[in-house]
Amino acid sequence: MSDAIDSTRLTLLLNELRLPALKQIWSSFAERSDKEGWPAARLIMALAEHELAERDRRRIERHLGKARLLPGKTLENFDFDAVPMVSKAQVAALCAGDGWLRHGANLILMGPPGGGKSHLSSAIGLGLLEKGWRVLFARTSDLVQRLQVARRELALEAAISRLDRFDLVILDDFAYVTKDQAETSVLFELISARYERRSLLITANQPFGEWGKVFPDPAMTLAAVDRLVHHSTIFELNVESYRRRTALQRKQEGPGRPASFATPRNVSRTRRDKPAAE
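Residues numbered from 1 in each chain as written. Predicted model: local features only at pLDDT ≥ 70, side-chain atom pairs only at ≥ 80, totals over all residues. Heavy atoms only, no water.

Student: Quick question: what am I supposed to make of the pairing of strand E4 (residues 199-204) here?
Tutor: Here E4 lies mainly inside the structure; six of its six residues are buried. Burial along E4 is two-sided: Ser199, Leu201 and Thr203 and Leu200, Ile202 and Ala204, pointing in opposite directions, are all buried. As paired strands, strand E3 (residues 168-172) and E4 are joined by four bridges and run parallel to one another. By the bridge assignment for E4, leucine 171 is matched with isoleucine 202. (Buried < 20%, exposed > 50% of the residue type's maximum accessible area, 1.4 Å probe, protein only. Helix = DSSP H or I, 4+ residues; strand = E, 2+ residues; numbered from the N terminus. Pairing = 2+ DSSP bridges.)

Student: Explain the confidence of the model for the protein to me, please; I cannot follow it from the model alone.
Tutor: A low pLDDT score tells you not to read the predicted coordinates there in detail. This prediction gives the protein a mean pLDDT of 83; 83% of its residues lie at or above 70. Confidence over residues 257-278 falls short of pLDDT 50; this stretch has 59 contacts with residues more than four positions distant or in other chains. (pLDDT = per-residue confidence, 0-100. Contact = heavy atoms within 4.5 Å.)

Student: I would appreciate a short explanation of the layout of surface pockets in the present structure.
Tutor: A water-sized probe rolled over the atoms picks out the places where empty space is left. Approximately 300 Å³ is the volume attributed to the largest pocket. Around the largest pocket, the lining residues are Lys66, Arg68, Leu136, Leu143, Arg146, Leu147, Ala150, Ala159, Arg162, Leu163, Arg165 and Phe166. Breaking the lining of the largest pocket down by element, the ones donating at least two residues are helix H6 (140-152) and helix H7 (156-162). With four residues, H6 is the single largest residue contributor to the lining of the largest pocket. Across the lining of the largest pocket, the residue classes tally to seven nonpolar, no polar and five charged. (1 Å grid on protein atoms, 1.4 Å probe; cavity = no way out; pocket = protein on both sides within 12 Å on 5 of 7 lines; lining within 4 Å. Points joined across faces, edges and corners; volume = space filled by probe spheres on them. Nonpolar A, V, L, I, M, F, W, Y, C, P; charged D, E, K, R; others polar.)

Student: Got a minute to help me understand the sheet that holds E3 in this structure?
Tutor: Strand pairs in the sheet, formed through backbone hydrogen bonds, run parallel or antiparallel to each other. Read from one edge to the other, the open sheet built from five strands follows the order E2-E3-E4-E1-E5, with strand pairing classed as parallel. Only two strands of the sheet have a single partner each, and these edge strands are strand E2 (135-139) and strand E5 (232-236). For this sheet the average axis-to-axis angle between neighbouring strands, irrespective of direction, equals 10 degrees. The pairing of E2 with E3 spans five bridges and is classified as parallel. Paired with alanine 138 across the bridge in E3 is leucine 171. (Axes fitted to C-alpha atoms, helices over the stretch in contact; angles between N-to-C directions.)

Student: Explain the pattern of salt bridges here, please?
Tutor: Should their charged atoms come close, side chains of opposite charge can pair. Across all of its chains, the model carries 11 salt bridges by this definition. Arginine 102 is the partner of aspartate 98 in a salt bridge, and the nearest nitrogen-oxygen pair spans 3.3 Å. Aspartate 172 is paired through a salt bridge with arginine 139; the nearest N and O atoms lie 2.1 Å apart. Taken together, the residues aspartate 172 in strand E3 and arginine 139 in strand E2 connect sequence positions 33 residues apart. Looking at aspartate 172, the relative accessible area reads 0%, which means it is buried. It is possible to trace a salt-bridge network through shared partners that takes in Glu51, Arg55 and Arg58. (Salt bridge = Lys/Arg side-chain N within 4 Å of Asp/Glu carboxyl O.)

Student: Can you walk me through the side chain of asparagine 77 in this structure?
Tutor: Mapped onto the fold, asparagine 77 is located in the loop between helix H3 (40-67) and helix H4 (88-94). Here glycine 72 takes part through its backbone oxygen, which lies 2.8 Å from a polar atom of the side chain of asparagine 77. (Polar contact = N/O pair within 3.5 Å; in protein donor to acceptor, adjacent residues only side chain to side chain.)

Student: Could you clarify how one ought to interpret the environment of leucine 64 in this entry?
Tutor: Turning to its location among the elements, leucine 64 is positioned in helix H3. Leucine 64 sits in the partly exposed class, given a relative accessible area of 37%. Measuring from C-alpha to C-alpha, the distance between leucine 64 and leucine 136 comes to 9.0 Å, with 72 residues separating the pair along the chain. Not counting residues within four places of it along the chain, the set of residues in contact with leucine 64 comprises Leu69, Leu126 and Leu129.

Student: Help me understand the nonpolar core in this model?
Tutor: One recurring pattern in soluble globular proteins: nonpolar side chains tend to sit buried together. Counting residues in hydrophobic clusters, the biggest one holds 33 residues, and the most contacted among them are Leu143, Leu147, Leu171, Phe174, Leu187, Ile191 and Phe215. The set of elements that each furnish at least two residues to this core consists of strand E1 (106-110), E2, H6, H7, E3, helix H8 (181-194), E4 and helix H9 (218-230). Here phenylalanine 174 is in contact with Thr140, Leu187, Ile191, Ile202, Thr203, Ala204, Trp211, Val214 and Phe215, once residues within four sequence places are set aside. Leu70, Leu94, Ile170 and Leu201 belong to the second largest nonpolar core, which has 31 residues in total. (Core = buried A, V, L, I, M, F, W, Y, C linked by side-chain atoms within 4.5 Å.)

This is the structure we're talking about:
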């Protein structure tokens, strides 16, 4: 009876201390400790390590739900052989985040459609998220539309401030923003607000010289490019479209042959059954 009372009391104490993982596993750890004769310090260490590991797992789950990363896009299934100008070691170093996110530096992926920019940007975002950084992935046009709504409601400053909770905002398909004064002005305000404070990762199909199609004012174009490249790492993925390569491969191999793995070279449907992004 005393054991049952002690167990109940311990459960209540762990609830009060907000240690849900320990509440679930303390009895099995205690049983193993008794059986194997662990010192008390070893038992406490094992319980503490388990609680911290569970906290990390729950945190990643929460942040992953808010990040809106492309499903199934990881560094493990990205075909670095197809983009030899991108160093796998350099990308792995970027996924630590310490060397650039702490200083509000940027990352820019440029190249024609189908080179794997969206895949790589989302995979980098996932790598950073697993290291504890907060990330948001957004189509540039979608985010701009949301900021426009905020401006009409006189809440643009608050909306941009809320984005500060993310260490990295990924703006995918940057050059697809409609050339409209209202849209490009909120985009410029976002770039200016995060300059040297919070990082941006941008994927763009057009080189900087073509960004006049995004910003109607040449002075705004120059100012935006200046802020983005001042502290940035730039990758140019000038490779043939993987969609075209896949189509040619299917033609050679015959119809109906399933993809063997998901990479820019050979992409299958994701678990959400969405078309593979670039």
